[in-house]
Amino acid sequence: CSLPKGLSAALQQRFGSSRVLKPSDLFEDERGLFQKEHPGACPGVARGMFFGPGQRPALAIVLLDVEPKKNLRLVVARPALASWTFVELDEMEPGSTAVVGTRGSGTYTDRHEPLTRKSANEVVTLTGYESWQRVYIWNGRKFERLQTSE
């Protein structure tokens, strides 16, 4: 999984020994589904226009802690003038696997809360194959998480 110049070093400085989720980190059936749906893509990186018009594209990244807990962490890396800024969106238990993606603008509804949000921008998705999906919508100040399926 390749990253833009300077981003790997910025991730290492901020998150230590964590690394980007690779296809080999997925369970075999998940890897097969991912590769069928997204040939040649990386399950740990998705590029999108999450922050709106006039903003540079950002990267949603799933990081895997190498040791000792092996948690998964979802972050958005936003390019700044000479560096990167990071927004931490979510953390999952050890043993979890999930792939990051994007969806277009639209209306999204939470399955557990009476909560509906509209987004004029692309949104970040986090999907646990055959079980759940979360959507993260930038509201101008922060990302809001909606559980869109189980």
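For the structure, see preceding data.
A few points on the structure. (Residues numbered from 1 in each chain as written. Predicted model: local features only at pLDDT ≥ 70, side-chain atom pairs only at ≥ 80, totals over all residues. Heavy atoms only, no water.)

**A short note on the sheet that holds strand E10 (residues 132-138)**
Neighbouring strands of a sheet are bound in pairs by backbone hydrogen bonds; such pairs are parallel or else antiparallel. The sheet built from 4 strands is open, its strands ordered E6-E9-E10-E11 with antiparallel pairing. Each edge of the sheet is formed by a strand with only one pairing partner; in this case those strands are strand E6 (99-103) and strand E11 (143-149). Between one strand axis and the next, the sheet turns through 25 degrees on average, direction left out of account. Pairing analysis gives 6 bridges linking E10 to E11, with the strands arranged antiparallel. Counted as the bridge partner of Val135 is Leu146 from E11. (Pairing = 2+ DSSP bridges. Helix = DSSP H or I, 4+ residues; strand = E, 2+ residues; numbered from the N terminus. Axes fitted to C-alpha atoms, helices over the stretch in contact; angles between N-to-C directions.)

**A short note on the side chain of Glu30**
Mapped onto the elements of the fold, Glu30 is located in helix H2 (residues 28-37). Look at Glu30: it is buried, it has no salt bridge, and the nearest opposite charge is Arg31 at 7.7 Å. When residues no more than four places from it in sequence are discounted, the contact partners of Glu30 are Thr97 and Tyr129. (Buried < 20%, exposed > 50% of the residue type's maximum accessible area, 1.4 Å probe, protein only. Lys, Arg positive; Asp, Glu negative; His and termini not counted. Salt bridge = Lys/Arg side-chain N within 4 Å of Asp/Glu carboxyl O. Contact = heavy atoms within 4.5 Å.)

**Some details on the pattern of salt bridges**
Applying the stated criterion across every chain yields a total of 7 salt bridges. Between Asp90 and Arg134 there is a salt bridge, and its shortest N-O distance comes to 2.9 Å. Of the two residues, Asp90 is situated in strand E5 (residues 84-92) and Arg134 in strand E10; the sequence distance between them amounts to 44 residues. Relative accessible area serves as the criterion here: at 12%, Asp90 is assigned to the buried category. In this structure Arg134 comes out as buried when scored by relative accessible area, which is 14%. Note that Glu144 is salt-bridged to Arg117, the shortest N-O span being 2.9 Å. Of this pair, Glu144 sits in strand E11 while Arg117 sits in strand E8 (residues 116-119), and the two are 27 residues apart along the sequence. Note on Glu144: relative accessible area 16%, which makes it buried. We classify Arg117 as partly exposed; its relative accessible area is 29%. Among the charged side chains, a network of salt bridges with common partners joins Arg14, Arg73, Glu88 and Glu91.

Nothing here speaks to function; it is geometry throughout.
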